[in-house]
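Summary of the model geometry
The primary structure of each chain is shown beneath.
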Amino acid sequence: MQMYDLIRKKRDGGELTDQEIRGFITAYTAGQVPDYQVAALLMAIYFRGMTRAETVTLTDAMAHSGDTLDLSAFGTFSVDKHSTGGVGDKTTLIVAPLVASLGGKVAKMSGRGLGHTGGTVDKLESIPGYRTDLSREAFLHQVEETGVAVIGQTGNLTPADKLLYALRDVTATVDSIPLITSSIMSKKLAAGSHNIVLDVKVGSGAFMKTPQQAEELAREMVRIGKDCGRRVAALLTDMDVPLGRAVGNALEVQEAVQVLRGDSHGDLREVSLALAAEMAALVHGWDPREARSRAEQALDSGAALACMRQWVAAQGGDPRCIDDPAQLPTAVYSREVVAPTDGYITAMDAERIGHAAVLLGAGRMQKGDTIAPGAGLYLHRKTGEAVRAGERLCTLYADEQARFSAAAEAYLDAITLSSSASGSRSLIYATIR
Ligand code: URA
């Protein structure tokens, strides 16, 4: 395989063969191809795209570039979900115990936040004692016993994606549909679940800014998953506005628990129920109505909350946090941002709000930065809601007062306050099965 020939072929709009793609992934993972040649190939793919056959091969080659997890012991009950990333997206904390309480085997590897988006692993680590680094045996044992385990990405899973993602990040080639598809689906295939639900985010805080782009990505991912023998569905959900009201790790755990306790009834509950119902429908073959009604029952009866207690305790976390949020870490300082005038919030830039959370210490700009578990924002008002001059718009939380002014500025830049109300927004744009 000559990299030069591959780059030229793709640059000129040609279709790479199965052998060429597999050869490239094997050689790159083995450290035999310089980044500058891979960067050139990525840019050629960015502009020329890939055929379906090429994307399938790339995904499969990446999925097998390292270890894979064998979940066959769980038969057709293993189930996973993946969000393309957002702000305030704590749905995994709700959906994982909810689906486990309905009989699914949720064996999930999650990521950390980077840039403006949060990561489930950081949220879970804000629970004192929670371990995200279980051995493979302990992970599988816990899924068997409690129906759910959520850990960080461990071992040598999809090393090709780790290398390619880092390179895409610095060569402006992230937002390419075949490259996102192969990145996400290779990880999901390697992680082994038979059923996969994809939460494709749309809007200002997402990679896909329009429902059309998101639908194209979702259809591609669903097709590839099915071609590889998995049961897959995708939901297109709103990320124009942060999901729920809390942004920041311990704050988000607290809000997820409120939903599980039945104390919160907004967009977060709605999206979580839709995702959980889709997962349960795949696992059990239920029709969408039955799946939705069973998911609501599991939430309202407290079964999902009980499962969260067991899950957290099994992973070393302090289960008292589930019943008493005061046990979760809190920030040292808080500051309120109030409305300068009467009005309605007509828009929120979710990416900027995510950035404000990072400025408060809730996220990291670079891998390896430490985060403050109690830092973040609580949004008292969201898009479509009215506020009077002097009333609270949001509360900021940080461990150092010096962080407040830049974060308040980023937050105020992110919102649009108008004298008249805006129309209602969609929460779920489409379901692709
Ligand atoms: N998330 C991923 O895992 N990969 C991408 O390429 C984009 C989002």
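Quick note: structure is the one above.
Heads up: these notes are all about the structure in this document. Model, not experiment: these values are computed from the prediction.

**As for the overall build of the protein**
For the protein, the helix and strand inventory stands at 17 helices and 13 strands. Taken against the 2.2 N^0.38 rule, which gives 22 Å for 433 residues, the C-alpha radius of gyration of the protein at 22 Å falls within 12% of a compact globule. C-alpha atoms of the protein, sized along the principal axes, occupy 65 × 45 × 40 Å. Working note: accessible area of the protein is about 17400 Å², and carbon and sulfur atoms make up 48% of it. Positive and negative side-chain charges of the protein, numbering 45 and 52 respectively, have mean locations separated by a distance of 2 Å.

**Some thoughts on the sheet that holds strand E10 (residues 386-387)**
The sheet built from three strands is open, its strands ordered E10-E8-E12 with antiparallel pairing. Each of the sheet's edge strands pairs with one partner strand only, and the pair in question is E10 and strand E12 (415-418). Relative to E10, strand E8 (residues 343-348) runs antiparallel, the two sharing two bridges. Residue Gly343 lies in a different strand from E10, and its bridge partner there is Val387. Here helix H17 (residues 404-414) sits on the sheet and contacts E8 and E12; the angle it forms with E12, its principal contact strand, is near 55°.

**Some words on the nonpolar core**
If you look at the biggest cluster of nonpolar residues, it comprises 82 residues, and the most contacted ones within it are Trp311, Leu377, Leu396 and Tyr411. A per-element tally of this core places helix H12 (residues 267-284) first, with twelve residues. Here Tyr411 is in contact with Val337, Ile353, Ala356, Leu377, Leu379, Leu393 and Cys394, once residues within four sequence places are set aside. Met3, Ile7, Ile25 and Leu164 belong to the second-largest nonpolar core, a separate cluster that totals 23 residues.

**Let's talk about the side chain of Asp161**
Here Asp161 shows up in helix H8 (residues 159-169). Residue Asp161 is classed as buried on the basis of its relative accessible area of 4%. In contact with Asp161, not counting residues within four places along its chain, are Met62, Ser183, Ser186 and Lys187.

**Considering the side chain of Asp267**
Structurally, Asp267 is set in helix H12. According to the relative accessible area criterion, Asp267 is buried, its value standing at 13%. Among the polar contacts listed, one links the side chain of Asp267 to the backbone nitrogen of Gly244, at a separation of 3.1 Å. Apart from the residues lying within four places of it in its own chain, the contact partners of Asp267 are Pro242, Leu243, Gly244, Lys382, Arg425 and Leu427.

**Some details on the site of the ligand**
Near the ligand the following residues occur: Tyr165, Arg168, Ile180, Ser183, Ile184, Lys187 and Phe207. The separation between a nitrogen atom of the ligand and a polar side-chain atom of Ser183 is 2.7 Å. Taking Lys187, its side chain carries an N or O atom lying 2.6 Å from an oxygen atom of the ligand. For the ligand, the protein covers 91% of the area, taking 240 Å² as the surface of the free molecule. Looking at the shell around the ligand, the elements with two or more residues in it are H8 and helix H9 (177-190). In terms of residues, the shell around the ligand owes the most to one element, H9, which gives four residues.

**Considerations on the pattern of salt bridges**
Inspection of the entire model under this criterion finds 38 salt bridges. Measuring nitrogen to oxygen at the nearest pair gives 2.7 Å for the salt bridge that ties Asp238 to Arg425. Residue Asp238 is located in strand E5 (residues 231-238), and its partner Arg425 is located in the loop between E12 and strand E13 (428-432); the two are separated by 187 residues in the primary sequence. As a salt-bridge pair, Arg261 and Asp323 come within 3.6 Å of each other at their nearest N and O atoms. Of this pair, Arg261 sits in the loop between helix H11 (249-260) and H12 while Asp323 sits in helix H15 (residues 320-323), and the two are 62 residues apart along the sequence. One salt-bridge network, held together by shared partners, links Arg112, Asp122, Glu125 and Arg364.

**Brief notes about helix H5 (residues 91-101)**
Buried residues dominate H5, accounting for ten of its eleven residues. Residues Thr91, Thr92, Leu93, Ile94, Val95, Ala96, Pro97, Leu98, Val99 and Ala100 constitute the buried set of H5.

**A few points about the pairing of strand E1 (residues 78-83)**
Counted residue by residue, E1 has six buried out of six residues, so it is predominantly covered. Residues Ser78, Asp80 and His82 line one face of E1 and the alternating positions Val79, Lys81 and Ser83 line the opposite face, and both faces are buried. Summarising the sheet, E1 and strand E2 (residues 105-110) pair through two bridges and their orientation is parallel. Each bridged residue has a counterpart across the sheet, and for Ser78 the counterpart in E2 is Lys105. Regarding the hand of the β-α-β motif, the stretch spanning E1, H5 and E2 is right-handed.

Conventions we followed
- Residues numbered from 1 in each chain as written.
- Predicted model: local features only at pLDDT ≥ 70, side-chain atom pairs only at ≥ 80, totals over all residues.
- Heavy atoms only, no water.
- Helix = DSSP H or I, 4+ residues; strand = E, 2+ residues; numbered from the N terminus.
- Rg over C-alpha atoms; globule rule 2.2 N^0.38 Å.
- Areas by Shrake-Rupley, 256 points an atom, 1.4 Å probe, with all protein chains shown as cover.
- Lys, Arg positive; Asp, Glu negative; His and termini not counted.
- Charge placed at Lys NZ, Arg CZ, Asp CG, Glu CD.
- Pairing = 2+ DSSP bridges.
- Contact = heavy atoms within 4.5 Å.
- Axes fitted to C-alpha atoms, helices over the stretch in contact; angles between N-to-C directions.
- Core = buried A, V, L, I, M, F, W, Y, C linked by side-chain atoms within 4.5 Å.
- Buried < 20%, exposed > 50% of the residue type's maximum accessible area, 1.4 Å probe, protein only.
- Polar contact = N/O pair within 3.5 Å; in protein donor to acceptor, adjacent residues only side chain to side chain.
- Near = heavy atom within 4 Å.
- Salt bridge = Lys/Arg side-chain N within 4 Å of Asp/Glu carboxyl O.
- Right-handed = clockwise from strand over helix to strand, strands pointing away.

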